Amino acid sequence: MECEYRIHGPELCIVLPRELDHHVASGIQQEADLLVDTYHIRRIIFDFCVTEFMDSSGIGVILGRYRSMKLSGGQIWAVNVKPRTEKILAMSGLESIITIERK
């Protein structure tokens, strides 16, 4: 499964794939940035409901979108985060700058 993108008003939900690695990271970045600009998105929600693996490229995807949302006063959320992914988010420091909802 590749990503699924859902737009609800000023909110973009990105259902991430099973593996969030360098093979899919650049595509997610490009699509998310295009949708944010086109639809004037103010909140990005990364949905980890099926994600089982994330490497540093996944962290880069989230951090890059955080930076762009911060400049425009927007927010980043991570939802359905499993314990393993939560540990990665904590170790990277993202846990302190984005809102996380555990699974």
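Counting starts from 1 at the beginning of each chain's written sequence and moves along it residue by residue. Only residues with pLDDT of at least 70 are given local features in this predicted model, and only at 80 or more are side-chain atom pairs given and counted; all residues enter the totals for whole chains, interfaces and linings. Side-chain calculation: all heavy atoms of the structure are included, whereas hydrogens and water are not.

Next up on the list: unusual backbone geometry. One non-glycine residue, His 40, adopts positive backbone phi at about 55°. Helix and strand assignments follow DSSP, with helices taken as H or I runs no shorter than four residues and strands as E runs no shorter than two, numbered in order from the N terminus. Here His 40 is to be found in the loop between α1 (22-39) and β4 (43-47). Remark: exposure states derive from per-residue accessible area (1.4 Å probe, protein chains only) relative to the maximum for the residue type, with buried under 20%, exposed over 50%, and partly exposed in between. Accessibility expressed as a relative area gives 63% for His 40, which makes it exposed. Phi is positive for Asn 80, which is not a glycine, with a value near 55°. Looking at where Asn 80 falls in the secondary structure, it is placed in strand β6 (residues 75-81). Judged by relative accessible area, Asn 80 falls into the partly exposed class, the value being 27%.

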